[in-house]
Amino acid sequence: MTNKYMYFIANWKMFGGLNSLNSLHKIVKFFKTFKKNKSIKIIYCPPNILIRPMSKKLKNSKIEVGAQNCHENDTYGAFTGSVNSMMLKNVGAKYVIIGHSENRQSGENDRLINLKIKSALNSGLKVIFCIGETLKEKRKKITKKVLNLQLRKGLNKIKNNRNIIIAYEPVWSIGTGLIPKSTDLSDTIDFIKSKKKKNKVLYGGSVNPKNIIQLRSIDNIDGFLVGGASQDAKKFIDIIKKSFN
Ligand code: PGA
C-alpha cells in the first residue's frame, strides 16, 4: 500500500438484517465530524444481502462497503449458492475479505484462497487477505513459518500487490477475548512487513474499546479488522476514537 490511511474494517460475519442498517447514521455522523477523518478509512463488510442497501445508506459518506468472501470464478457459472467477485462489485462492494480463518476451518486451502484473490483483483475489488496461526501452531512456535507459507501460497503469482491489505488474525484470538502480547504482536507485524514491504498490515482478533488502548500503542499496525464489536455502532466508534487518543 502506498497510501497513509489507518483502516477500520467491520466484519459483521453472519449477523444483521435490514434493521441493522438503522444504526449506520451514527457512524456517518461521527465520521463527518471526526478530526482525523482524512487519514482513516472505514469499511463495512456485511453479509452479501446487505451490500446493496448498505451502499445506498452510506452514499456520500466516504465509508466504503466490502464483502466477506467470494467464489474463485470471476465469470458466471453453475455454482448453486455462490456469488462471485464481479457480482459483488456490481452491487456496490469495493473490497472483499479472503482467507478468513472461519472459512479456512471449513475447508478453504491456500490454493483456493489464491484463486479467489486473483478473481477479486480481476474484478477490480480490493482484497483484505487474512492470515494467522492456530493455538497449536503458536505453542509449537511455528507462527512465522505458518504465516510465511500462507503469504507465499496465498499470493502466489500475484505481481500487483497494490490492492491487497493483509490482516493478521491469530485464530486463537478471534472471538475469544484474547489478544497477543504487545511485543509478540509488534514482532509479527514487522515480520509480515519484511515479507510484504508494500502492503498495509492490520490486526484482527477480539479488538474492543478496552484493549484498543493497548493495541494502539503498537505503532507498526496500519489498522484493525473488527468482528463482534463492530456490530455495535457505539463500540466501533469508540474503538476508532480511542485509536487516536
Ligand atoms: P472478533 O472477530 O473481533 O469477533 O474476534 C475478528 C474477525 O474474525 O475478523
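A short tour of the structure in this document, coming up. (Residues numbered from 1 in each chain as written. Predicted model: local features only at pLDDT ≥ 70, side-chain atom pairs only at ≥ 80, totals over all residues. Heavy atoms only, no water.)

Attention shifts here to the environment of Asn161. Note that Asn161 resides in the loop between α7 (143-154) and β6 (164-168). Once the C-alpha coordinates of Asn161 and Met86 are considered, the two residues, 75 residues apart in sequence, prove to be 19 Å apart. (Helix = DSSP H or I, 4+ residues; strand = E, 2+ residues; numbered from the N terminus.)

Sheet architecture is closed into a barrel: 8 strands sit in the order β1-β2-β3-β4-β5-β6-β7-β8, paired in parallel fashion. Neighbour-to-neighbour, the strand axes of this sheet turn through a mean angle of 25°, independent of strand direction. Where strand β2 (residues 40-45) lies against strand β3 (residues 64-67), 2 bridges are found, and the strand directions are parallel. When the bridges of β3 are listed, Ile43 appears paired with Glu64. Each of β5 (126-131) and β6 is contacted by α7, which is oriented at about 150° to β5, the strand it contacts most. (Pairing = 2+ DSSP bridges. Axes fitted to C-alpha atoms, helices over the stretch in contact; angles between N-to-C directions. Contact = heavy atoms within 4.5 Å.)

Among the residues making up helix α10 (residues 233-242), those that are buried are Ala233, Phe236, Ile237, Ile239 and Ile240. The buried residues of α10 occupy an angular sector of 155° when projected down its axis, which confines them to one face. Where α10 is buried, its residues touch β1 (6-11), α1 (24-33), β2, α9 (212-215) and β8 (223-226). Sitting at the amino-terminal end of α10 is Asp232, which places a side-chain oxygen 3.0 Å from the backbone nitrogen of Lys234. (Buried < 20%, exposed > 50% of the residue type's maximum accessible area, 1.4 Å probe, protein only. Arc of directions from axis to C-beta. Polar contact = N/O pair within 3.5 Å; in protein donor to acceptor, adjacent residues only side chain to side chain.)

Right, let's talk about the site of the ligand for a bit. Every residue lining the ligand is accounted for by Asn11, Lys13, His100, Glu169, Ser173, Ile174, Gly175, Gly205, Ser206, Leu225, Gly227 and Gly228. In the model, an oxygen atom of the ligand is placed 2.7 Å from a nitrogen or oxygen of the Lys13 side chain. With respect to the ligand, the side chain of His100 contributes an N or O atom lying 2.6 Å from an oxygen atom. Taken by itself the ligand offers 280 Å² of open surface, and the protein chains cover 94% of this. Each residue belonging to the shell around the ligand can be placed in one class, and the counts come to 2 nonpolar, 8 polar and 2 charged. (Near = heavy atom within 4 Å. Areas by Shrake-Rupley, 256 points an atom, 1.4 Å probe, with all protein chains shown as cover. Nonpolar A, V, L, I, M, F, W, Y, C, P; charged D, E, K, R; others polar.)

It is worth spelling out a positive patch on the surface at this point. A contiguous patch of positive charge on the surface is contributed by Lys26, Lys234, Lys235 and Lys241. Here the element with the most residues in the positive patch is α10; it accounts for 3 residues. With respect to the helices and strands, Lys234 occurs in helix α10. Judged by its relative accessible area of 62%, Lys234 is exposed. (Patch = residues over 30% accessible without salt bridge, like charges linked within 9 Å, V, L, I, M, F, W, Y side chains within 5 Å. Salt bridge = Lys/Arg side-chain N within 4 Å of Asp/Glu carboxyl O. Lys, Arg positive; Asp, Glu negative; His and termini not counted. Charge placed at Lys NZ, Arg CZ, Asp CG, Glu CD.)

In terms of nonpolar packing, the biggest core is built from 59 residues, with Ile27, Tyr44, Phe129 and Phe224 touching the most fellow members. No other element matches the 5 residues that α1 contributes to this core. Look past the residues within four positions of Phe129 in its chain and what remains in contact with it is Ile98, Arg104, Ile113, Ile117, Gln150, Leu151, Gly154, Leu155, Ile164, Ile165, Ile166 and Ala167. Counting 12 residues, the second-largest nonpolar core is a separate cluster that includes Ile9, Ile128, Ile165 and Leu202. (Core = buried A, V, L, I, M, F, W, Y, C linked by side-chain atoms within 4.5 Å.)

Another point: the pattern of salt bridges. Two side chains with opposite charge may pair up if their charged atoms get near one another. All chains considered together, the criterion is met by 8 salt bridges. The closest approach of N and O atoms between Lys13 and Glu102, which form a salt bridge, is 2.8 Å. Separated by 89 residues along the polypeptide, Lys13 in the loop between β1 and α1 and Glu102 in helix α4 (residues 101-105) bring together distant segments of the chain. Under the relative-accessibility criterion, Glu102 is labelled partly exposed at 35%. The salt bridge involving Lys200 is made with Asp222; its shortest N-O contact spans 4.0 Å. On the criterion of sequence distance, the pair formed by Lys200 in the loop between α8 (182-195) and β7 (201-204) and Asp222 in the loop between α9 and β8 is long-range, its members being 22 residues apart. In this structure, Lys200 and Asp222 share a single accessibility class: buried. Taken together, the shared-partner salt bridges connect Lys193, Lys200 and Asp222 into one network.

Since the α-helix advances by 3.6 residues per turn, residues separated by three or four positions end up pointing in the same direction. With 14 residues, α8 ought to run about 20 Å at 1.5 Å a step, and its terminal C-alpha atoms sit 20 Å apart, in line with that. Listed in full, the buried residues belonging to α8 are Leu185, Thr188, Ile189, Phe191 and Ile192. Viewed along the axis of α8, the buried residues span an arc of 155°, placing them on a single side of the element. On its buried face, α8 is in contact with β5, α7, β6, β7 and α9. (Expected span 1.5 Å × (residues − 1).)

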